[in-house]
Amino acid sequence: MCVGLPARVVRISKGTALVDASGAKRNVSAELLDSVEPGDYVMVHAGIAIAKITSDDNNEADAVMDKLEGAAATI
């Protein structure tokens, strides 16, 4: 199973985006997306921004991850 993580774009430079995923910042390739600007949300997989998403999508993904983390803590 492959998992993509939502992240907010902080900065764009020459096809690379600095993204913030729940406080973890890293550089990812943004070359697959036509237009990405700081403040946009993207889905990141294997170091590549693969899709632009809405802030609602981001919030939903964060809620799912929180539930998964909570379930894993009880195992």
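See above for the structure.
My aim in this report is to walk through the structure given alongside it, one point at a time.

Points about the pattern of salt bridges
Summed over all chains, the structure comprises one salt bridge. Here Asp 40 ties to Lys 52 by a salt bridge, and the two come within 3.3 Å at their closest N and O atoms. With Asp 40 in the loop between β3 (24–29) and β4 (41–45) and Lys 52 in strand β5 (residues 48–53), the pair connects residues that are twelve residues apart, well separated along the chain. Take Lys 52: its relative accessible area is 45%, and that puts it in the partly exposed class.

Structural notes on the side chain of Asp 40
Of note is the side chain of Asp 40, whose polar atom sits 3.3 Å from the side chain of Lys 52. Each residue touching Asp 40, except ones within four places of it in the same chain, is listed here: Ala 7, Arg 8, Val 9, Ser 35 and Lys 52.

The rules behind each value
- Residues numbered from 1 in each chain as written.
- Predicted model: local features only at pLDDT ≥ 70, side-chain atom pairs only at ≥ 80, totals over all residues.
- Heavy atoms only, no water.
- Salt bridge = Lys/Arg side-chain N within 4 Å of Asp/Glu carboxyl O.
- Helix = DSSP H or I, 4+ residues; strand = E, 2+ residues; numbered from the N terminus.
- Buried < 20%, exposed > 50% of the residue type's maximum accessible area, 1.4 Å probe, protein only.
- Polar contact = N/O pair within 3.5 Å; in protein donor to acceptor, adjacent residues only side chain to side chain.
- Contact = heavy atoms within 4.5 Å.

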